[in-house]
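Architecture at a glance
Chain residues, written in single-letter form:
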Amino acid sequence: MAKALQLASENYPAEALQVRDLRDRLEQAIEQRIPSVQVNGKGAPRLPNTLNVSCHYVEGDPML
């Protein structure tokens with residue numbers, strides 16, 4: 001367990017940058033395709049693996 005934690009902590013900075021880049025690319029693609037989308041927490045410090053959006057004027061059932 002200690003070795004796993006050590007390896008994870010050594011690789012975390014590089015992986016976090018990669019995941020953040022993927023999150024930001026997804027965010028941009030969503031904003032370009034859905035005009036009424038709102039990115040919750042945009043501009044605030046966020047976890048690299050978290051993207052939270054609200055889609056105004058869209059019913060939940062069709063989104064599923």
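What this report covers is the structure whose coordinates are included nearby. (Residues numbered from 1 in each chain as written. Predicted model: local features only at pLDDT ≥ 70, side-chain atom pairs only at ≥ 80, totals over all residues. Heavy atoms only, no water.)

Brief notes about helix H1 (residues 2-33)
In a regular helix each residue adds 1.5 Å, so 32 residues correspond to 46 Å; H1 covers 44 Å between its end C-alpha atoms and thus fits that length. Considering bend angle alone, the principal kink of H1 is centred on Tyr 12 and spans about 50 degrees; proline Pro 13 follows within four residues of it. All buried positions along H1 are accounted for by Ala 16, Arg 23 and Glu 27. Where H1 is buried, its residues meet strand S1 (37-39). (Helix = DSSP H or I, 4+ residues; strand = E, 2+ residues; numbered from the N terminus. Expected span 1.5 Å × (residues − 1). Bend = angle between axes of the 7 residues up to and from the residue. Buried < 20%, exposed > 50% of the residue type's maximum accessible area, 1.4 Å probe, protein only. Contact = heavy atoms within 4.5 Å.)

Concerning the environment of Gln 18
Within the element layout of this structure, Gln 18 appears in helix H1. The exposure class of Gln 18 is exposed, given its relative accessible area of 53%. When the C-alpha positions of Gln 18 and Gln 38 are compared, they lie 23 Å apart, and in sequence the two are 20 residues distant.

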